[in-house]
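One-letter residues, chain by chain:
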Amino acid sequence: MSFSDLGIPVDAVESRTAAVCTNDSGESRVVIAAKGFLIVVDPATGDCQQVNFPNRDVEYPYDTFSSKDGMFYIGAGVMFYAFDPFRLEFMDALRVGEQDELCGFSYAEDEQGDIYMASYPQCRLYRYRKSERDISPLGSVDIEQKYPFHMAVDSHGWVYIGTGTSKKNIIAYDTRSGEKHSLLPDHLRTTGVGLVRQGYDDQRDIREQDYLAYAQIGSDWVRLERGEIIENMPREQPPRSWYSGESFGKLHRQLPGNWQVIRHSLSERVLILQHRLTGQLTSIPLSYSSEGASLSPLFLGPDRNIYGTSNHPLHFYIYEPDQTRLHNWGPHIIENGAGGNLAAYATQGNWIAGAAYPGGGLHLYDISKPIHIDKTTGELRNPICVTEHPIDIHRPRCAIALSGGEHIAYGGFPGYGRVGGGLCFYHLPSGEDMLIPHTELIPDQSTMALAETMNGHLIGGTSIETPGGADPISKTACIYKLDWRTRTLLNSWQPRADIREYSLLLVDSRDWIHALTSSSEYIVFDPITESLIHQESLQDWGAIVRQGWELDEAEGCIYGVLSKAVFRIPLGTLTPELLATPPAPITSGFVKRDRTLYFAISTHLWSYSLSER
């Protein structure tokens, strides 16, 4: 019995936004953020430099900011960095405290050159003074919402923050007095994000810009000053933004002169520029070294090969055990799949079905046909996205192929600011899908795990968690039984009141329900007698691993992984047995192929042989 490191399937990282920095001499640099490092590009020469974060820090940044004097600012984890892209030097690396997961969620700069930054999930506002080279907290600006997506300042010392997601808000904060108040009336505080913008005039130099702040109130844009609305903007002239692009492809500011940045992608290792007058495109290759992208759950295809994607960026890859060969198909194979991952899989016939984050798309890959992604030929795409449920299943967590050979079911968490995820049933022959909302299942809870009974009923395990920014409503997770054909909830149980999430489920031939919870509790529940048959804490073996176990009826046991353990559970004794301790924490699972187990440790694919050497 032994472990083997099979390599890095995806040698790539994700762009985590970028900014254009221009100094007093008119020189510009494009700075692209990644997990643990920056890429600095001189657009005039094409020179590309990688600069790692100080002290070997490797946290993810969320947003980046370029100041009027050409400095670059970024927050990653609890660290704030001030970086000079022309000297390729970090001027400051400051710890902002342990209260937040991510200190740099949005930014603004005032007339004095002070940088304001807001954090997740406390919506805490910080001020960095370049002259003093210090950073200080100004307090939490919104105690209800977790995401401070947008920020602007005026010339009178007021900062405006657009927050969300369960009940969007726009907060006005006076940096001199500490006064703060909401600018959105309650009837406009719906699910979503408050939107503010810094004034932008492309006819004026960066250093000569007026410090004007704008906000969207309902359907109207307004100008803000001293914490108040002072005028409405003409509907045909909404304020322009310093930002272009979307999500992690966002860019702060633009190049001066004839060339502009069109797109940056560390995943594809390219920066695309376009000439403003001629439309000519030019590509600058981006060179960097990294440990690769972390891996999402694995899946054993009907061809007995192992499939998976990476997390941020999403690349689709295959491992062929018979040839001991890894192949990365890259970022364009999964439709609209630049970020996120395929979080759960199932198979019917030659089809592999994968449910994707973000957006809840269901992707089908026919392994009997070649991969085809060129839409201009008229040939059907393979893989292809066949349905999406971004509101009800924004973050998929489970999928199952149902008996009968025609349906795939999948579920997960809902979109930002929402409570309770739905369950989708997709019919392969017709392309029709049926969505059952959480209100018809377990209200205010999301389905995390699925299994099927011997007579074709569906068993679901739920979570009360709300990773999209809302507050949980329920107190205890459930296991439920569903006749999905008639949309009838047959029963639901709460075997233990302290369980927040049933992360993994299996049903054996006796219809006993085996569950692993988010707190690494192993539970066996008999739905006939409605009693707990077995319960045992596996917390000493580490944290739950997504898709981290399988039922092997032929061997009469369950094989699985937790972060610190490879284990088996004989169905006869129900007593978990430690097989081995991995060389590093296991992060994602799990495939059993013959006598070999496969799983991920961070960016590496690993295997564990059950055979004696």
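See the structure shown above.
Please read all numbers here as calculations on a predicted model, not as lab measurements.

Enquirer: Help me understand the overall build of the chain, please; the structure alone is not making it clear to me.
Expert: Summing up its helical and strand segments, the chain has 0 helices and 54 strands in all. Compactness check: the chain gives a C-alpha radius of gyration of 26 Å against a globular reference of 25 Å for 613 residues, within 12% of the reference. Along the three orthogonal principal directions, the C-alpha set of the chain runs to about 75 × 50 × 50 Å. Residues counted as buried form 57% of the 613 residues belonging to the chain. The long-range fraction of contacts in the chain, counting pairs at least 24 apart against all pairs at least 6 apart in sequence, stands at 49%. With an accessible surface of roughly 25,000 Å², the chain has 46% of that area assigned to carbon and sulfur atoms. Once the 52 positive and 76 negative side-chain charges of the chain are each reduced to a mean point, those two points are 2 Å apart.

Enquirer: How should I be thinking about the sheet that holds strand β38 (residues 423-427) in this particular structure?
Expert: For sheets, the rule is that strands pair by backbone hydrogen bonds, running either parallel or antiparallel. Spatially, 4 strands are ordered β36-β37-β38-β39 in an open sheet, and the strand pairing comes out antiparallel. Pairing within the sheet leaves two strands with one partner each, and these edge strands are β36 (395-401) and β39 (433-436). The sheet shows a mean angle of 20° between the axes of neighbouring strands, taken without regard to direction. The pairing of strand β37 (residues 407-413) with β38 spans 5 bridges and is classified as antiparallel. Along β38, the bridge assignment pairs Ile408 with Tyr426.

Enquirer: Would you mind going over the pairing of β36 with me for this structure?
Expert: One face of the sheet, then the other: side chains in a regular strand alternate in exactly this way. Most of β36 is tucked away: 6 of the 7 residues are buried. The antiparallel hairpin formed by β36 and β37 contains 5 residues in its connecting segment, where Gly404 sits at a positive phi of about 110°.

Enquirer: Any chance you could explain the pairing of strand β11 (residues 115-120) here in plain terms?
Expert: Among the 6 residues in β11, 6 count as buried, and that is most of the element. Residues Ile115, Met117 and Ser119 line one face of β11 and the alternating positions Tyr116, Ala118 and Tyr120 line the opposite face, and both faces are buried. Bridge analysis of strand β10 (residues 102-109) against β11 gives 5 bridges, and the strand direction is antiparallel. Bridge pairing links Tyr107 to Met117 in β11. The antiparallel hairpin formed by β10 and β11 contains 5 residues in its connecting segment, where Gly113 sits at a positive phi of about 90°. Between β11 and the antiparallel strand that follows it, strand β12 (residues 124-129), lie 3 residues; Cys123 among them carries a positive phi value of about 50°.

Enquirer: Looking at this structure, how should I read the side chain of Asp174?
Expert: Secondary-structure assignment places Asp174 in strand β16 (residues 169-174). Although Asp174 is buried, it forms no salt bridge, and the closest oppositely charged side chain is Arg176 at an N-O distance of 4.7 Å. A polar atom in the side chain of Asp174 sits 3.0 Å from the side chain of Ser177.

Enquirer: Can you walk me through the pattern of salt bridges in this structure?
Expert: Where charged atoms from two side chains of opposite charge approach closely, those side chains can pair. Counting across every chain of the model gives 32 salt bridges. We note a salt bridge from Asp42 to Arg29, for which the minimum N-O separation is 3.5 Å. You can see Asp42 sitting in the loop between β4 (37-41) and β5 (48-52) and its partner Arg29 sitting in strand β3 (residues 28-34), a full 13 residues away along the chain. The exposure classification of Asp42 matches that of Arg29, with both residues buried. One salt bridge in this structure joins Lys167 and Asp186, with 3.1 Å as the shortest N-O distance. Linking Lys167 in the loop between β15 (158-165) and β16 with Asp186 in the loop between β17 (180-182) and β18 (192-193), this pair joins segments that are 19 residues apart in sequence.

Enquirer: Looking at this structure, I do not really get the environment of Thr165. What am I missing?
Expert: Within the secondary structure layout, Thr165 lies in strand β15. It is 7.0 Å that separates the C-alpha atoms of Thr165 and Ala470, two residues lying 305 residues apart in sequence. When sequence neighbours within four positions are dropped, the list of residues in contact with Thr165 reads Gln145, Tyr147, Phe149, Thr191, Gly192, Val193, Tyr416, Gly417, Gly468 and Gly469. In this structure the side chain of Thr165 is engaged in a polar contact, spanning 2.9 Å, whose partner is the backbone nitrogen of Gly417.

Enquirer: Explain the nonpolar core here, please?
Expert: Most often, soluble globular proteins have nonpolar side chains that are buried together. Ranked by size, the top nonpolar core spans 31 residues in total, and within it Val30, Ile39, Val261, Leu266, Leu271 and Leu286 carry the most contacts. Setting aside residues no more than four positions away along its own chain, Leu286 makes contact with Ile32, Ile39, Val41, Cys48, Ser265, Leu266, Arg269, Val270 and Leu271. Formed by 16 residues, the second largest nonpolar core is a distinct cluster that contains Tyr522, Trp541, Ala565 and Ile569.

Enquirer: Hey, could you run me through the environment of Trp351 in this one?
Expert: Mapped onto the elements of the fold, Trp351 is located in strand β33 (residues 351-357). Remark: the alpha-carbon pair of Trp351 and Ala152, spanning 199 residues in sequence, is separated by 49 Å. For Trp351, the residues in contact, after removing those within four places along its chain, are Ala346, Leu364, Tyr365 and Asp366.

Enquirer: Is there a simple way to think about the side chain of Asp526 in this case?
Expert: For Asp526, the location among the structural elements is in strand β46 (residues 521-526). Buried charge without a partner: Asp526 forms no salt bridge, and the closest opposite charge is Arg510, 8.7 Å away. With residues up to four places along the chain from it excluded, the contact list for Asp526 reads Trp512, Ser531 and Ile533.

Enquirer: Just checking my understanding: could you explain unusual backbone geometry for this structure?
Expert: Across residues other than glycine, the phi torsion is negative in most instances, and most of the peptide bonds are trans. Of note, the amide linkage connecting Tyr120 to Pro121 takes the cis form, showing an omega dihedral of 5°. Mapped onto the elements, Pro121 comes out in the loop between β11 and β12. With an omega of 0°, the peptide bond between Tyr357 and Pro358 qualifies as cis. Note on placement: Pro358 falls in the loop between β33 and β34 (361-366).

Enquirer: Can you walk me through the packing of aromatic side chains in this structure?
Expert: One pair of aromatic rings is described through two measures. These are the centre distance and the angle between the planes. All told, the structure shown has 33 aromatic pairs when counted by the stated rule. Between Phe80 and Tyr128, the ring centres sit 5.0 Å apart and the planes meet at 50°, which makes this aromatic pair tilted. Remark: Tyr128 occurs in strand β12 and Phe80 occurs in strand β8 (residues 79-84); sequence separation between them is 48 residues. A relative accessible area of 2% places Tyr128 in the buried class. A connected cluster of aromatic rings, assembled from ring pairs, spans Tyr62, Phe105, Tyr120, Tyr147, Phe149, Phe248 and Tyr416. Between Arg269 and the ring centre of Tyr288, over which it is positioned, the NZ or CZ distance is 3.9 Å. A cation over a ring is seen here: Arg395 above Tyr416, with NZ or CZ 5.2 Å from the ring centre.

Enquirer: Would you mind going over the sheet that holds strand β13 (residues 134-140) with me for this structure?
Expert: Spatial ordering of the open sheet is given by β10-β11-β12-β13, a layout of 4 strands whose pairing is antiparallel. Two strands bound the open sheet, and with one partner strand each, they are β10 and β13. Strand-to-strand twist of the sheet, defined as the mean angle between neighbouring strand axes without regard to direction, takes the value 30°. Pairing between β12 and β13: 6 bridges, direction antiparallel. Counted as the bridge partner of Tyr128 is Ile135 from β13.

Cut-offs used in this document
- Residues take numbers from 1 onward in each chain, read along the sequence in its written order.
- Only residues with pLDDT of at least 70 get local features here, since the model is predicted, and only at 80 or more are side-chain atom pairs given and counted; chain-wide, interface and lining totals rely on the full set of residues.
- Where side-chain values are given, they derive from all heavy atoms of the structure, hydrogens and water being excluded.
- Strands here are runs of E lasting at least two residues and helices are runs of H or I lasting at least four, both read from the DSSP assignment and numbered beginning at the N terminus.
- As defined in this context, the radius of gyration uses C-alpha atoms, and a globule is described by 2.2 Å times the residue total to the power 0.38.
- Remark: exposure states derive from per-residue accessible area (1.4 Å probe, protein chains only) relative to the maximum for the residue type, with buried under 20%, exposed over 50%, and partly exposed in between.
- The contact rule is simple, with two residues in contact once any of their heavy atoms fall within 4.5 Å.
- Note on areas: Shrake-Rupley with a 1.4 Å probe; residue coverage comes only from the protein chains shown.
- Charge assignment in this entry is limited to Lys and Arg as positive and Asp and Glu as negative, and neither His nor the chain termini are counted.
- Charge positions are represented by NZ for Lys, CZ for Arg, CG for Asp and CD for Glu.
- Between any two strands, at least two bridges found by DSSP are needed for them to pair.
- An axis is simply a line fitted to the C-alpha atoms; with a helix, the fit covers only the stretch in contact. Between two such axes, the angle follows the N-to-C directions and lies from 0 to 180 degrees.
- The term salt bridge refers to a side-chain nitrogen of Lys or Arg lying within 4 Å of a carboxyl oxygen of Asp or Glu.
- Contacts described as polar in this section are N or O atom pairs within 3.5 Å, which, within protein, must combine one atom able to donate a hydrogen with one able to accept it, while residues neighboring in sequence count only if both atoms come from side chains.
- The term nonpolar core refers to a set of buried residues drawn from Ala, Val, Leu, Ile, Met, Phe, Trp, Tyr and Cys, joined through side-chain atoms within 4.5 Å.
- Two rings from Phe, Tyr or Trp (for Trp, the six-membered ring) form a pair when their centres sit within 6.5 Å of each other. Planes less than 30 degrees apart are called stacked, planes more than 60 degrees apart edge-to-face, and all others tilted.
- Ring-over charges, as used throughout, are those where CZ of Arg or NZ of Lys falls within 6 Å of the ring centre and within 35 degrees of the ring normal.

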